[in-house]
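# Per-entry structural report
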Amino acid sequence: MSSELSLTSAAVVAVVALLAPLVVRLTRLRVPAVVLEILLGIVIGPQVLGWAHVDTPVRVLSVVGLGFLLLLAGLEIDFDGLRGRTLRLTSAAFVLSFALAVATGLVLDALGLVRSPLLIAVILSATSLGVILPVLKDSGQLGTSFGQVVVAGASIAEVVPIVLLSLIFSEDAPGLVAQLTLLAAFLAFIVAVGLLILGAERSSRISQALLALQDTTAQIRVRGAMALLMMFVALATTFGLEAILGAFLAGATLKLLDRDRAMTHTMFHMKLQAIGFGAFVPFFYVSTGMALDVRSLGDPSTWARVPLFLAALLLARAVPAVMYRPLAQRPGQVVAAGLLQATSLGIPVVAGAVGVELGVIRPENYVALVAAGLLSVALFPLLALPRLTGPTPSTGPDAQRGPRPIGP
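Nothing here was measured: the structure is a model prediction, and the numbers come from that model. (Residues numbered from 1 in each chain as written. Predicted model: local features only at pLDDT ≥ 70, side-chain atom pairs only at ≥ 80, totals over all residues. Heavy atoms only, no water.)

## Side note on the overall build of the protein chain
Helix and strand counts for the protein chain stand at 16 helices and 0 strands. Residues counted as buried form 48% of the 408 residues belonging to the protein chain. In the protein chain, once contacts between residues fewer than 6 apart in sequence are set aside, the share between residues at least 24 apart is 79%. Total accessible area on the protein chain stands at roughly 19,000 Å², and carbon and sulfur atoms take up 67% of it. (Helix = DSSP H or I, 4+ residues; strand = E, 2+ residues; numbered from the N terminus. Buried < 20%, exposed > 50% of the residue type's maximum accessible area, 1.4 Å probe, protein only. Contact = heavy atoms within 4.5 Å. Areas by Shrake-Rupley, 256 points an atom, 1.4 Å probe, with all protein chains shown as cover.)

This is the structure:
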């Protein structure tokens, strides 16, 4: 190993990634571990303690972590739920959400607070699906018709901002028409790869080989997922699109093709989560904190923008939840849906970094956006949970029935 390549910073980040969830659990902090990971990244970074820097090993691991984060986000999309009335309702709600986000971006631009109202609109219209799914599951709402509407709305609000970010704000963007052409070509390639995978799955010989190798040291399905991730990311950048779009579509492709109806590899997704959340994704979040220009927080105007961006998230994402009222059993559920939809961290971090690189987001705005995202993740699910479950009836025949199931 070259003496010039130091793994000291990577080791410090790995220790922080280990400690963050332990601290959350042992101290009973009611915040997701990712919030503490970013905050600890700020503390150990060059602007506070200086224990670690975003050097080459940390940067590489962070890029892989971002890819895994988007891959796992694609795996969470419920394609079966995105149809019929649910799709129409959630699509209309997202259109309203994006219109509100654009209007908010234009107002902020008129006030001289932002440089790119469209990029701000893309950021404000996003939802962190991976954060709200555990909240819905813990509240018993994930399997209800209303819970699936919330998941469908969050899925759209995760997919569309990524596509828009890749189309409009790619660093090497040749123009919107050319980008649309490249996107169509990229999607055509993905369809071709999907058909190839489907054809391979129908081969009994290949299926038997996969089954024989999946739980050996070969871990063949995990290797296949890694190959798909790297290939889609590389091709996305080759087509002039953002790498995050390739990573997300790799996960979505796996979700569509790998239904496992025969229950032959039930641990596959758990293995990917273990690799992603256990190894690589924490490097992305901790290094994000390390790279934040927290010195700008010394400026009172930066602090003032944090509640402003938090309020903008609520306006753009919470207000459209009123369209879910016909499917809600209680008004509190609509409020909870709005709070959950306004929970967003991944896109503010990723899109904000892209904006800083392109010079369309000021570093102080990036810090304020990430701070607002951290607050949304820490506060909104906590506020939404009691409104999702509502009062529990203590008497009567309905006392033990629980959430309303899907279907008749």
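## Here we look at the pattern of salt bridges
Enumeration over the complete set of coordinates arrives at 1 salt bridge. Linking D215 and K271 is a salt bridge whose minimum nitrogen-to-oxygen distance equals 2.7 Å. On the criterion of sequence distance, the pair formed by D215 in the loop between α9 (204–213) and α10 (220–238) and K271 in helix α12 (residues 268–291) is long-range, its members being 56 residues apart. (Salt bridge = Lys/Arg side-chain N within 4 Å of Asp/Glu carboxyl O.)

## Observations regarding the packing of aromatic side chains
If you walk through the whole model with that rule in mind, you get 4 aromatic pairs. Relative to F232, the ring of F186 has its centre 6.3 Å away and its plane inclined at 75 degrees; by these criteria the two rings are edge-to-face. Taken together, the residues span a long stretch of sequence, with F186 in helix α8 (residues 176–201) and F232 in helix α10 at a distance of 46 residues. Grouping residues by exposure puts F186 and F232 together as buried. (Phe/Tyr/Trp six-rings, centres within 6.5 Å; stacked < 30°, edge-to-face > 60°.)

## What about the packing of helix α1 (residues 8–27) against helix α2 (residues 33–44)?
Where α1 meets α2, the axes come as close as 9 Å, and the angle between the chain directions of the two elements is 135 degrees. On the basis of the axis angle, α1 is oblique to α2. Between α1 and α2 lies a crossing whose hand is right-handed. Note on element contacts: α2 touches α1 through A33, L36, E37, L40 and I44, opposite V12, V13, V16, A20, P21, V23 and V24. Counted by class, the contact of α1 with α2 contains 11 nonpolar, no polar and 1 charged residues. (Axes fitted to C-alpha atoms, helices over the stretch in contact; angles between N-to-C directions. Parallel < 35°, antiparallel > 145°, perpendicular 65-115°, else oblique. Left-handed = near helix turned anticlockwise from the far one by under 90°. Nonpolar A, V, L, I, M, F, W, Y, C, P; charged D, E, K, R; others polar.)

## So, a nonpolar patch on the surface
A contiguous nonpolar patch, built from V15, L18, L19, L22, V23, L26 and L29 and spanning about 640 Å² of accessible area, is present on the exposed surface. Note on L19: relative accessible area 41%, which makes it partly exposed. (Patch = residues over 30% accessible without salt bridge, like charges linked within 9 Å, V, L, I, M, F, W, Y side chains within 5 Å.)

## Here we look at the environment of A243
Along the chain, A243 turns up in helix α11 (residues 243–257). Separated by 173 residues in sequence, A243 and L70 place their C-alpha atoms 9.8 Å apart. Every residue in contact with A243, bar those within four places of it in the chain, is listed here: V233, A236 and T237.

## A closer look at the side chain of T104
Along the chain, the position of T104 falls in helix α4 (residues 84–110). Classification of T104 by relative accessible area gives buried; the value is 12%. There is a polar contact of 2.8 Å between the side chain of T104 and the backbone oxygen of L100. Those residues in contact with T104 that sit more than four places away from it in its chain are L124, A312 and L315. (Polar contact = N/O pair within 3.5 Å; in protein donor to acceptor, adjacent residues only side chain to side chain.)

## Focus on α10
Between its terminal C-alpha atoms α10 stretches 27 Å, which fits the 27 Å expected from 19 residues at 1.5 Å a residue. A positive phi of about 80 degrees marks G240, the residue just after α10. (Expected span 1.5 Å × (residues − 1).)

## Observations concerning the confidence of the model for the protein chain
The predicted coordinates ought not to be read in detail in places where the model reports low pLDDT. Scored by pLDDT, the protein chain comes out at a mean of 83, with 89% of its residues at no less than 70. Taken as a whole, residues 392–408 scores under 50 in pLDDT and shows 14 contacts with residues more than four places along the chain or in a different chain. (pLDDT = per-residue confidence, 0-100.)

## Things to note about the environment of K271
With a relative accessible area of 22%, K271 lands in the partly exposed category. Filtering out sequence-adjacent residues up to four positions away, K271 remains in contact with Q214, D215, Q219 and V222. Side chain to side chain, K271 and Q219 meet in a polar contact 2.9 Å long.

## Describing the side chain of S128
Structurally, the position occupied by S128 is in the loop between α5 (117–124) and α6 (129–138). Residue class for S128 comes out buried when judged on its relative accessible area of 9%. Looking at S128, its side chain comes within polar contact range of the main-chain nitrogen of L345, at 2.8 Å. Leave out the neighbours within four places in its chain, and S128 touches E158, T343, S344, L345 and G346.

## Quick word on unusual backbone geometry
Here R28, not a glycine, exhibits a phi torsion of approximately 60 degrees, which is positive. The phi angle at Q219 is positive, at roughly 40 degrees, despite the residue not being glycine. With respect to the element layout, Q219 can be found in the loop between α9 and α10. Under the relative-accessibility criterion, Q219 is labelled partly exposed at 27%.

## Here's the deal with the environment of E37
Mapped onto the elements, E37 comes out in helix α2. Separated by 20 residues in the primary sequence, E37 and A17 have C-alpha atoms spaced 6.5 Å apart. Not counting residues up to four positions away in its chain, the partners in contact with E37 are A20, P282, Y285 and V286.

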